[in-house]
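# Breakdown of the fold
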Amino acid sequence: MNDKLQEWLHDLGVALGLIERPKLQPIPVRTEDDRRRQRR
């Protein structure tokens, strides 16, 4: 129950702008075209 309360309070803080959301790093996705170009 304590974990749920902490998660709820964190979500509330993020919603109110008191806490910044953790910034996610973009994951590079290689396409088939990129692989073909590198092999040639």
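These lines cover the structure that appears in this document, whether it is placed above or below. (Residues numbered from 1 in each chain as written. Predicted model: local features only at pLDDT ≥ 70, side-chain atom pairs only at ≥ 80, totals over all residues. Heavy atoms only, no water.)

The next point concerns the overall build of the protein chain. When helices and strands are tallied, the protein chain shows two helices and zero strands. Within the protein chain, buried positions represent 5% of all 40 residues. With the model as given, the accessible surface of the protein chain reaches about 4,700 Å², and the carbon-plus-sulfur share is 53%. (Helix = DSSP H or I, 4+ residues; strand = E, 2+ residues; numbered from the N terminus. Buried < 20%, exposed > 50% of the residue type's maximum accessible area, 1.4 Å probe, protein only. Areas by Shrake-Rupley, 256 points an atom, 1.4 Å probe, with all protein chains shown as cover.)

This part takes up a nonpolar patch on the surface. A cluster of nonpolar side chains, namely Leu5, Trp8, Leu9, Leu12, Leu16, Leu18 and Ile19, defines an oily patch on the protein surface of about 720 Å² accessible area. For Leu18, the position within the fold is in the loop between α1 (2–16) and α2 (32–39). (Patch = residues over 30% accessible without salt bridge, like charges linked within 9 Å, V, L, I, M, F, W, Y side chains within 5 Å. Salt bridge = Lys/Arg side-chain N within 4 Å of Asp/Glu carboxyl O.)

Okay, α1 next. Owing to its 3.6 residues per turn, the α-helix brings residues three or four apart onto one side. Taking 1.5 Å per residue, 15 residues should reach 21 Å; α1 reaches 21 Å between its end C-alpha atoms and fits that length. Directly after α1, the chain includes Gly17, whose backbone phi takes a positive value near 85°. (Expected span 1.5 Å × (residues − 1).)

Turning our attention to the environment of His10. With respect to the helices and strands, the residue His10 is situated in helix α1. Through-space distance from the C-alpha of His10 to that of Arg21 is 9.6 Å; in sequence the pair is 11 residues apart.

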